Amino acid sequence: MPAAAYKSSVNESCRSSHMNILYGVQATGNGHICRSREVIRHLKALNHDVHVIFSGRDPSQLSELKGFEPYQIMHGLTFQTCRGRLNLFETTLRLHLLRFYNEIRSADASDFDLVITDFEPITARLARRHSIPSVGIGHQYAFSYPIPLGGSYPLSRWVIRNFAPADQAVGLHWHHFGYPILPPIVPDYLNAHAEVIPNKILLYLPFEHPNDVEALLTDFRSHHFYIYGVGTIVRPMDRNHLHFRPYSRTGFLNDLAECSGVISNAGFELTSEALQLGKKLLVKPLVGQMEQMSNALAVSRLKLGIVMPALSPSHVGRWLNCPDAPSMGYPDVARLVAEWIDGGAWERIDSLATTAWKQTENIPLNPGA
């Protein structure tokens, strides 16, 4: 959409106290869902109607979607992995581009005043197709700026720019790097006052094979590992110091609050929640996935945790002896973003970013500054 038309549409939308919003959530990982849940909650509290589209995950694997109503689930696009690596061949085979474009053509978006996409490709293209103003909210939009990049290949950079484009991008990261990037959106109900169990560790490595994870942790019997996302777990299962848990939002958040440290992939949302609660971090990026490789580089440069390039018991052993980490003290960024959307001046991202970072208690030093 041309800039003049975009600003005109913005002004028309913000004249009304009520908007009908189409909100797209990329459901490949739980991070997009957790982040979007917070923004949608605030938008509804501000008297806006929000209709949600989820895509990128099998509907049978989506649960605990209370608060998103009304919503629908579409196929969309996603990626395939194998033992901690991005599988480009399988990803290409399962793209189903014809079905993807049929979903776009068949969706009715004529009644919406605004499209918000958390890196969700169907809603992004519906906004372009129907000339609806669009806002992209998510970590991936921070890559519009020259932030630390790891595993950056031309194809990866093209995908991250074009997967879910928006008229106005609201990027999120653990540092602003001198650009109008916001702090992370984390749930305001995280229990920062729970009693921490020193030898309790939360592990979330959904792209790794269960046998590899067990081999990684076998020798550390002085600690108890609460393991999520590894293999197909339908009920709690305990093997000495290894505690496998099916995904439960309540159970996961309780274990996150009580643990002293988090071992995870280098996804953005869980890492942000751990930083908010002051949990020490050990991250293992998904090899070949630019976002995770870049996140791991940022974790290292900003001294937010330790990076484990491959599953390594020696890395785990050293990390377990590391001291506790301080809490970052992020503000309620979801509320700030919702109020900014409600205000209608969506081109003023700089002032929003400045406000959010002023309210952040601990901003890590940027070695590139």
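Above this text is the structure in question.
All values reported here derive from a predicted model rather than from experimental measurement.

K.L.:
Help me understand the sheet that holds strand β2 (residues 49–55), please; the structure alone is not making it clear to me.
P.N.:
Backbone hydrogen bonds are what pair the strands of a sheet, in a parallel or an antiparallel way. The strand order across the open sheet built from 6 strands is β3-β2-β1-β6-β7-β8, with neighbouring strands paired in parallel fashion. Of all the strands in the sheet, just β3 (71–74) and β8 (168–171) have a single pairing partner and so form its edges. Across the sheet, the mean angle from the axis of one strand to that of its neighbour is 20°, orientation sign disregarded. Here β2 pairs with β3 via 4 bridges, running parallel. Within the sheet, the bridge partner assigned to Ser55 lies in β3 and is Met74.

K.L.:
Whenever I open this one, the packing of helix α12 (residues 333–343) against helix α13 (residues 349–358) confuses me. Can you help?
P.N.:
For any two helices packed against each other, one specifies the crossing angle of their axes together with the interaxial distance. The interhelical angle for the contact between α12 and α13, taken along N-to-C directions, is 155°, at an axis separation of 11 Å. Taken as axis vectors, α12 and α13 run roughly antiparallel relative to one another. Note that α12 runs across α13; the crossing there is right-handed. Facing Leu336, Val337 and Trp340 of α12, the residues of α13 in contact are Ile349, Leu352 and Ala356. Broken down by class, the residue content of the contact of α12 with α13 amounts to 6 nonpolar, no polar and no charged.

K.L.:
Is there a simple way to think about the environment of Trp174 in this case?
P.N.:
Counting through the fold element by element, Trp174 comes out in the loop between β8 and β9 (200–204). Exposure remark for Trp174: the relative accessible area of 1% places this residue in the buried category. Placed 94 residues apart in sequence, Trp174 and Phe268 show a C-alpha to C-alpha distance of 9.0 Å. Polar side-chain contacts of Trp174 include one of 2.9 Å to the side chain of Ser272.

Procedures and definitions
- Residues numbered from 1 in each chain as written.
- Predicted model: local features only at pLDDT ≥ 70, side-chain atom pairs only at ≥ 80, totals over all residues.
- Heavy atoms only, no water.
- Pairing = 2+ DSSP bridges.
- Helix = DSSP H or I, 4+ residues; strand = E, 2+ residues; numbered from the N terminus.
- Axes fitted to C-alpha atoms, helices over the stretch in contact; angles between N-to-C directions.
- Parallel < 35°, antiparallel > 145°, perpendicular 65-115°, else oblique.
- Left-handed = near helix turned anticlockwise from the far one by under 90°.
- Contact = heavy atoms within 4.5 Å.
- Nonpolar A, V, L, I, M, F, W, Y, C, P; charged D, E, K, R; others polar.
- Buried < 20%, exposed > 50% of the residue type's maximum accessible area, 1.4 Å probe, protein only.
- Polar contact = N/O pair within 3.5 Å; in protein donor to acceptor, adjacent residues only side chain to side chain.

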